[in-house]
Amino acid sequence: MDETNQVIRTLFMTLTQLVQGFGFTLAIFGLTLLFSIPLGLLICKGRMSKIPVISLICRFYISVLRGTPLMLQLLLVYFGPYYMFRVSLGNDYRFIATIIAFSLNYAAYFAEIFRGGIQSMSKGQYEAATVLGFSKSQTYFKIILPQVIKRVLPSVSNEIITLVKDTSLAQVLSVTEMFTRASAAASKQVSVMPFIVAGLFYYAMNLLIEFILNRVEKSMSYYS
Amino acid sequence: MSDVNNDIVLEIKDIHKSFNKLEVLQGISMEVKRGEVVAVIGPSGGGKSTLLRCATTLEKVDAGRIVIGGDVLCDEVDGHLVYCDKKLEKEIRSKFGLVFQNFNLFPHFSVRRNITEALIHVHKKSKPEADAICDGLLKKMDLEAKADEYPCNLSGGQQQRVSIARALATNPEIIFFDEPTSALDPELTKGVLTVIKELAQEKMTMVIVTHEMSFARDVADRIVFMDGGVIVEEGPAYDLVTNPKQERTKAFLAGY
């Protein structure tokens, strides 16, 4: 009886700790999407720019950020200011550095996804819009972008789901998100139970995201 | 930039256009009068489509003069090609309509929105006004029941008729057709050609690039035969088809 009580108590404690960390996980997830998608669009624009310097810079950016580990980028953004310029940015900077690194990294992937979507549009759509008198920005926002969103949604969904799991990398900067707390609880309890519970959290979150993304995809299936 | 004749809706004078080293248009001149229907025929690669694309601002010429509805799109000034500014270019675009071979309807817009979007957001018409224009055109195109459908649910012929309605919506002075039936099977071609024929009877000014020889003969006032980047022969439609003068025209028409 006592043993069962003990198990329930531990489980409850683990849950409380993970839920506290889950807030950070959500924050990293949400803020990263908020910043990386517009930034990705911007880099995509730059990558497709007719000005060689801009295009080259964006290519290089994408190549480096996709070609090096996200964990390394996290460490670099966090420790960089101190080791390079001897600037100490305080404890809050852990979280800020996490958001910066995640946003920069995901923007590189989004940029390439958007580029694929934009380049898959037929020239005829631009031409029809042009002769009808639509301005460049009207053409982009009314004609091109809505169709691009539909086309890139499956790839963007992939990235969003990966991002949920990648938030666990914030552990290297000791941001007390869910995975950091799960690790701590696991070593304290000498048990894998916290990891399993954390895994269930991640999976539940992704199930919900999958459900939402499927709904969005369906809402755009009225045309092909 | 000199005087402009009001009865001439389209004036093209000695235009040249090259892609890389290939000169696709080697000095084309033509005039289209108000109410006139001109068919442009000729083998593929002869420059027909490029001519149309230059006249509709989708390509820039290398030399020559183009005047649409009294506005000078481009002209030679002291031996240099000068294009009009963006503002006039936009003005010129409201004076013509273009119907593409592949329709190029906006797939994410309903039929109604395909027709009204430019009316509302470019020509600043109110929604009821735009809707009224749209309803009138759909009736004319025999597509009244399709206003709320999306293009993907229509046949090719219906899609092309929607795109003709879209081109007509802004009440242009001239409509260009770039092989409007080449993407359609014969059954669907008929409906589209009927619509164009009706427009001809209403004295709509039109330039039609087409491979439908009997249609060109019956509907056009004049036919222009292009090959190798030049106009080989032109004349009244019936005469040119039944009694071509040039050997190249004869050889081309013999294939039909």
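Conventions adopted
- Residues numbered from 1 in each chain as written.
- Chains lettered and ligands numbered in written order.
- Predicted model: local features only at pLDDT ≥ 70, side-chain atom pairs only at ≥ 80, totals over all residues.
- Heavy atoms only, no water.
- Helix = DSSP H or I, 4+ residues; strand = E, 2+ residues; numbered from the N terminus.
- Rg over C-alpha atoms; globule rule 2.2 N^0.38 Å.
- Buried < 20%, exposed > 50% of the residue type's maximum accessible area, 1.4 Å probe, protein only.
- Contact = heavy atoms within 4.5 Å.
- Areas by Shrake-Rupley, 256 points an atom, 1.4 Å probe, with all protein chains shown as cover.
- Lys, Arg positive; Asp, Glu negative; His and termini not counted.
- Charge placed at Lys NZ, Arg CZ, Asp CG, Glu CD.
- pLDDT = per-residue confidence, 0-100.
- Polar contact = N/O pair within 3.5 Å; in protein donor to acceptor, adjacent residues only side chain to side chain.
- Pairing = 2+ DSSP bridges.
- Core = buried A, V, L, I, M, F, W, Y, C linked by side-chain atoms within 4.5 Å.

> How would you summarise the overall build of chain A if you had to cite specific residues and measurements?
What chain A contains, in helices and strands, is 8 helices and 0 strands. At 22 Å, chain A has a C-alpha radius of gyration far larger than the 17 Å of a compact globule built from 224 residues. With 224 residues in all, chain A has 43% of them scored as buried. A fraction of 77% describes how many contacts in chain A between residues 6 or more apart in sequence connect residues 24 or more apart. With an accessible surface of roughly 12,400 Å², chain A has 69% of that area assigned to carbon and sulfur atoms. Between the centroid of the 19 positive side chains of chain A and the centroid of its 10 negative side chains there is a distance of 13 Å.

> Could you give an account of the overall build of chain B, naming the residues involved and the relevant values?
Looking only at helices and strands, one finds 9 helices and 11 strands in chain B. For chain B, the C-alpha radius of gyration of 18 Å lies close to 18 Å, the compact-globule estimate for 256 residues. Seen through its C-alpha atoms, chain B measures out along the principal axes to roughly 50 × 45 × 35 Å. Taken across its 256 residues, chain B has 57% of its residues classed as buried. Looking at chain B alone, contacts between residues at least 24 apart form 63% of all its contacts between residues at least 6 apart. When the accessible area of chain B is evaluated, it comes to approximately 11,200 Å², of which 46% is carbon and sulfur surface. Separation between the mean location of the 32 positive side-chain charges and that of the 39 negative ones in chain B comes to 3 Å.

> Could you give an account of the confidence of the model for chain A, with specific residues and numbers?
Interpretation of this model should avoid reading the predicted coordinates in detail wherever pLDDT is low. The predicted model of chain A has a mean per-residue pLDDT of 92, with 100% of residues at 70 or higher. Confidence, read as mean pLDDT per element, is least for helix 7 (residues 178–189) of chain A in chain A (87) and greatest for helix 2 (residues 52–67) of chain A (97).

> Lay out the side chain of B:Asn114 in plain terms, naming residues and giving numbers.
Residues and elements named next belong to chain B. By the element assignment, Asn114 lies in helix 3 (residues 111–121). Among the polar contacts made by the side chain of Asn114, one reaches the main-chain carbonyl oxygen of Phe109 at a distance of 3.1 Å. With residues up to four places along the chain from it excluded, the contact list for Asn114 reads Leu105, Phe106, Phe109, Pro151 and Arg166.

> Just give me the short version of the pairing of strand 10 (residues 222–227) of chain B, but keep the residues and values in it.
Along any regular strand, the residues point their side chains to alternate faces of the sheet. Residues and elements named next belong to chain B. Burial runs high along strand 10: 6 of the 6 residues are buried. Of the two faces of strand 10, the one holding Arg222, Val224 and Met226 and the one holding Ile223, Phe225 and Asp227 are both buried throughout. Across 4 bridges, strand 3 (residues 37–41) lies against strand 10 in parallel orientation. Across the sheet, the residue bridging to Val38 is Arg222, located in strand 10. Relative to strand 11 (residues 230–236), strand 10 runs antiparallel, the two being bridged by 6 bridges. Counterpart to Asp227 in the pairing with strand 11 is Val230. Between strand 10 and strand 11, which pair antiparallel in sequence order, lie 2 residues; one of them, Gly228, sits at a positive phi of approximately 60°.

> How would you summarise the nonpolar core if you had to cite specific residues and measurements?
Formed by 89 residues in total, the largest nonpolar core has its most connected members in B:Leu10, B:Ile12, B:Ile15, B:Ile66 and B:Phe176. By residue number, the principal contributor to this core is helix 4 (residues 93–119) of chain A, which donates 12 residues. Not counting chain neighbours up to four residues away, the residues in contact with B:Leu10 comprise B:Met30, B:Glu31, B:Val32, B:Ile66, B:Val67, B:Ile68, B:Ile174, B:Phe176 and B:Val207. Counting residues in hydrophobic clusters, the runner-up holds 49 residues, among them B:Ala165, B:Leu184, B:Met213 and B:Ile223.

> Which residues make up the pairing of strand 2 (residues 22–33) of chain B, and what are the values?
Across 9 bridges, strand 1 (residues 8–19) of chain B lies against strand 2 of chain B in antiparallel orientation. Across the sheet, residue B:Leu10 finds its bridge partner in strand 2 of chain B, namely B:Val32.

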